[in-house]
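# Coordinates in review
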Amino acid sequence: MDAFDVLVIGGGPAGYVAAIRAAQLGFKTACVDAFERNGKASLGGTCLNVGCIPSKAMLDSSEKFEMITHEADEHGIVVDGARVDLNKMLARKDAVVDKLTGGIQFLFKKNKIKSYHGYGRLVRREGDAWIVDAAGEEVSAKNVIVATGSNPRALPLAPFGGHIVENSGALALTEVPQRLGVIGAGVIGVELGSVWRRLGAQVTVLEALPGFLLPADDAVSKEALKHLKKQGLDFHFSVNVKDVQQSDAGVTVTYEENGQSVTAQFDKLIVSIGRVPNTQGLGAQDVGLTLDERGFVKIDDHYRTNLPGVYAIGDVVGGAMLAHKAEDEGVAVAEIIAGQAGHVNYDAIPWVIYTSPEIAWVGLTEQGAKAQGLEVRTGQFPFAANGRALGHNDSRGFVKVVADAKSDKILGVHMVGPNVSELIAEAVSVMEFGGSAEDLARTVHAHPTLSEAVKEAALAVDKRALHA
Ligand SMILES: NC(=O)c1ccc[n+]([C@@H]2O[C@H](COP(=O)([O-])OP(=O)(O)OC[C@H]3O[C@@H](n4cnc5c(N)ncnc54)[C@H](O)[C@@H]3O)[C@@H](O)[C@H]2O)c1
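Residues numbered from 1 in each chain as written. Predicted model: local features only at pLDDT ≥ 70, side-chain atom pairs only at ≥ 80, totals over all residues. Heavy atoms only, no water.

## Some remarks on the pattern of salt bridges
Worth spelling out the cut-off: What makes a salt bridge here is a side-chain nitrogen of Lys or Arg within 4 Å of a carboxyl oxygen of Asp or Glu, nothing more. Here a helix means four or more residues in a row that DSSP labels H or I, a strand means two or more in a row labelled E, and each is numbered from the N terminus. Summary of the burial criterion: residues with accessible area below 20% of their type's maximum are buried, those above 50% are exposed, and those between are partly exposed, where the area comes from a 1.4 Å probe applied to protein chains only.
For the structure shown, the criterion picks out 26 salt bridges. Among the ionic pairs, Glu63 bridges to Arg198, the shortest N-O distance being 3.9 Å. Residue Glu63 is found in helix H3 (residues 52–71), and its partner Arg198 is found in helix H6 (residues 187–198); the two are separated by 135 residues along the sequence. With a relative accessible area of 4%, Arg198 lands in the buried category. One network of salt bridges, with partners in common, ties together Arg377, Asp408, Glu438, Arg442, Asp462 and Arg464.

## Some remarks on the packing of aromatic side chains
Note the threshold: For Phe, Tyr and Trp, rings pair up if their centres lie within 6.5 Å, where Trp contributes its six-membered ring, and each pair is then called stacked (planes under 30 degrees apart), edge-to-face (over 60) or tilted (otherwise).
Per the counting criterion, the structure on display carries 5 aromatic pairs. Pairing Phe4 with Tyr116 gives two aromatic rings, centres 6.3 Å apart and planes at 90°, and the pair type is edge-to-face. In this pair, Phe4 is assigned in strand S1 (residues 3–9) and Tyr116 in strand S5 (residues 114–117), connecting sequence segments 112 residues apart. On the basis of relative accessibility, which here comes to 5%, the residue Phe4 falls in the buried class. In this structure an aromatic cluster arises from ring pairing among Phe212, Phe235 and Phe237.

## Thoughts on the site of the ligand
Formally: We call a residue near a molecule or strand when any one of its heavy atoms sits within 4 Å of it. Here a polar contact is taken to be a pair of N or O atoms separated by no more than 3.5 Å, where protein atoms must pair a possible hydrogen donor with a possible acceptor and residues adjacent in sequence count only if both atoms sit in side chains. All accessible areas in this document rest on Shrake-Rupley with a 1.4 Å probe, and a residue is counted as covered only by the protein chains that are shown. As a working rule, the residues Ala, Val, Leu, Ile, Met, Phe, Trp, Tyr, Cys and Pro are called nonpolar, Asp, Glu, Lys and Arg charged, and the rest polar, with Gly in that last group.
In the neighbourhood of the ligand, 22 residues make up the surrounding shell, with Ile188, Glu191, Glu207, Gly274 and Val352 lying closest. Gly274 places a polar main-chain atom, nitrogen or oxygen, 2.8 Å from an oxygen atom of the ligand. Val352 has a polar backbone atom sitting 2.8 Å from a nitrogen atom of the ligand. Here the ligand loses 77% of its free accessible area of 840 Å² to cover by the protein chains. Every element with two or more residues in the shell around the ligand is listed here: H6 and strand S20 (351–353). For the shell around the ligand, the per-class residue count stands at 13 nonpolar, 5 polar and 4 charged.

## Some details on the state of the cysteines
Stated precisely, the cut-off is as follows: The disulfide criterion is simple: two cysteine sulfur atoms within 2.5 Å.
Under the counting rule described, the total for this entry stands at 1 disulfide. With a sulfur-sulfur separation of 2.5 Å, Cys47 is cross-linked through a disulfide to Cys52. Residues Cys47 and Cys52 share a disulfide whose torsion about the S-S bond is about -135°; that sign makes it left-handed. Given the relative accessible area of 10%, Cys47 is considered buried. In this structure Cys31 is a free cysteine whose sulfur lies 15 Å from that of Cys47, the closest cysteine sulfur available. Exposure remark for Cys31: the relative accessible area of 0% places this residue in the buried category.

## Remarks on the confidence of the model for the protein
Stated formally: Confidence of the predictor at the level of single residues is captured by pLDDT, which takes values from 0 to 100.
Confidence along the protein averages 97 in pLDDT terms, with 100% of residues attaining 70 or more. For this predicted complex, the interface confidence comes out at an ipTM of 0.96, alongside a pTM of 0.97.

## A word on the packing of H3 against H6
Worth spelling out the cut-off: Think of each axis as a best-fit line through the C-alpha atoms, taken over the contacting stretch in the case of a helix, with angles from 0 to 180 degrees between the N-to-C directions. Crossings are classed by handedness, with left-handed meaning an anticlockwise turn of the near helix from the far one by less than a right angle and right-handed meaning a clockwise turn. Residues are treated as being in contact if the distance between any of their heavy atoms lies within 4.5 Å.
The geometry of H3 relative to H6 is characterised by a closest axis approach of 9 Å and an angle of 35° between their N-to-C directions. The way H3 lies across H6 gives a crossing that is left-handed. Together, Ser55, Lys56, Met58, Leu59, Ser62, Glu63, Phe65 and Glu66 of H3 and Glu191, Leu192, Ser194, Val195, Trp196, Arg197 and Arg198 of H6 make up the contact between the two elements. Its residues placed into classes, the contact of H3 with H6 shows 6 nonpolar, 3 polar and 6 charged.

## With respect to the UniProt feature "active site" (unreviewed entry) in the protein
Put simply, the rule reads: UniProt positions are given in the numbering used here, feature names are shortened, and annotations may be inferred rather than shown by experiment.
According to UniProt, the "active site" (unreviewed entry) feature falls on His447. Within the secondary structure, His447 sits in the loop between helix H13 (437–441) and helix H14 (452–461).

## Side note on the UniProt feature "binding site: NAD(+)" (unreviewed entry) in the protein
Within the UniProt annotation, "binding site: NAD(+)" (unreviewed entry) is assigned to Gly184, Ala185, Gly186, Val187, Ile188, Gly189, Val190, Glu191, Glu207 and Gly274. A maximum C-alpha distance of 14.4 Å places the annotated residues, which cover 91 residues in sequence, within one compact spot. Turning to its location among the elements, Ala185 is positioned in the loop between strand S11 (179–183) and H6. With relative accessibility at 4%, the residue Ala185 sits in the buried group. In this view, Ala185 contacts Val190, Val205, Leu206, Glu207, Phe212, Phe235 and Phe237; residues no more than four positions away in its chain are not counted. By the element assignment, Val190 lies in helix H6. When its relative accessible area of 1% is taken as the criterion, Val190 is described as buried. Sequence-distant contacts of Val190, that is, excluding residues within four places in its chain, are made with Ala185, Phe212, Leu228, Phe235, Ile353 and Thr355.

## Focus on the nonpolar core
Across soluble globular proteins, nonpolar side chains show a tendency to be buried alongside one another. For clarity, the cut-off: For the purposes of this section, nonpolar cores are sets of buried Ala, Val, Leu, Ile, Met, Phe, Trp, Tyr and Cys residues that join through side-chain atoms within 4.5 Å.
Formed by 37 residues in total, the largest nonpolar core has its most connected members in Met58, Trp196, Leu199, Phe212, Phe235 and Ile359. At the level of elements, H3, helix H4 (86–110), S11, H6, strand S12 (202–206), helix H7 (218–230) and strand S21 (358–363) are the ones that each hand at least two residues to this core. Beyond its immediate sequence surroundings of up to four residues, Phe235 is in contact with Ala185, Val190, Val205, Phe212, Leu225, Leu228 and Lys229. Counting 32 residues, the second-largest nonpolar core is a separate cluster that includes Tyr16, Cys47, Ile104 and Tyr311.

## Comments concerning the packing of helix H1 (residues 13–24) against helix H9 (residues 323–337)
For any two helices packed against each other, the geometry is given by the interaxial angle and the distance between the axes. The criterion, for reference: In what follows, roughly perpendicular refers to angles from 65 to 115 degrees, roughly parallel to angles under 35, roughly antiparallel to angles over 145, and oblique to any angle outside these ranges.
It is at 7 Å that the axes of H1 and H9 come closest, and there the two elements cross at 30°. Put simply, H1 runs roughly parallel to H9. In this structure, H1 meets H9 at a crossing whose hand is right-handed. Contact with H1, carried on its side by Pro13, Ala14, Tyr16, Val17, Ala18, Arg21 and Ala22, involves Ala323, Ala326, Glu327, Gly330, Val331, Val333, Ala334 and Glu335 of H9 and no other residues of that element. Taken together, the residues that form the contact of H1 with H9 break down as 11 nonpolar, 1 polar and 3 charged.

## Thoughts on the sheet that holds strand S16 (residues 260–266)
Our working rule: Paired strands, as defined in this entry, are two strands with at least two bridges between them according to DSSP.
On the basis of which strands lie adjacent, the open sheet formed by 3 strands has the order S14-S15-S16 and antiparallel pairing. Looking at the sheet topology across the chains shown, the edges are occupied by strand S14 (240–247) and S16. Taking the axes of each pair of neighbouring strands and ignoring which way they run, one obtains an average angle of 15° across the sheet. Of the pairings in the sheet, the one linking strand S15 (residues 250–257) to S16 comprises 7 bridges and is antiparallel in character.

Structure, rendered in structure tokens:
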């Protein structure tokens, strides 16, 4: 029987990173992963195969099309007859995925990590090790890291299949639907809704809650919603979906809105109402692994489950379902197993939504800070006053800094605008070091860059923005 120091179950961002870090720390490491793409093993989990990476590839392609058809003219570029070759666009997306998933295979080889393709199931404890069924083969491991991720949550009224799709189906539609319905105005709903809207679909988004992107700062969600609506996304809030019927032609959704019953016809329907933890095939019940009432693996603040030598990280333990949070937990847990002080700073985890304009934030919103009884000062700077944004022909949105009124420590930074997915990294670093708005304001930022808006928003906390 093969014996390992560390066996990771799940090869997504949590699991593959944990395996690499464990191997770097000198552990004999293996990873068992069941994901299949086109009938073949494919490491990287949801993120690389059917999530973050392919969706960004499609967001980029569709945004280029939008730029060529709607904006090129303003730059003085004349383009006639631009059209979408969807097969080619999808093939490029698939090639990006192939490259990255293959890259993990290469990293596993380089780090001498043994890879098993299939389910990993905890079988029994023998001495100081676990016996795990790794894709049908029993192996032993002193430490097991459960990193089995999450699955899309289905709406009981509208099970996935046919014209009703989740993230992976929505990234592989073979033609642009004329009418696309989206249930859930969360991250997936607005990102994938944006892709198909840009490619020509009429997109209707049905959301149960009364407002848009409630976890974001109010100013950001308001600004983002304004732009998304302007692009033609048709949002309906406080909606109660009552019935979903599928036929060969498409999907009929009946919902209640403002006390009225409305029936809408769609060619395709994306259901993006959150994700549920995936503990399928893990043998959790047989070995007595404790799950919480929502099915997440229960852990302490060192990622330890109730079973000795069994740890859990990533989407399967709950919290923010973000690949970068999962990756950092992967590093931390491997270091903890090695007796080091592995740690994740949950107060400085960035959120990014890849719409146009992009949305990004880190830390507390102004409303959240006030609800905690904190006294805050805020500074906001519009991209409309940023030279580089004007040069880009995209000056939508702003940067907003929330700082503690007494200490000036940055509590949160909130952005909507061009390239804010990249700009947020600076704010995360400053917060990681416990920096103040003054620190950010006194940092020299290259001119002309979008990043100057971050500096100006920090200056605005003290009412000394220079260019607004
Ligand atoms: N850019 C990114 O970081 C990124 C991209 C994609 C997905 N993700 C993550 O994947 C996870 C899943 O994404 P998601 O968009 O499915 O979930 P989400 O939690 O972001 O949004 C789900 C939305 O569906 C709504 N909803 C729930 N039930 C509903 C119902 N019956 N009718 C109408 N609306 C309903 C919720 O109120 C919520 O607004 C999230 O945790 C997200 O953070 C992140």
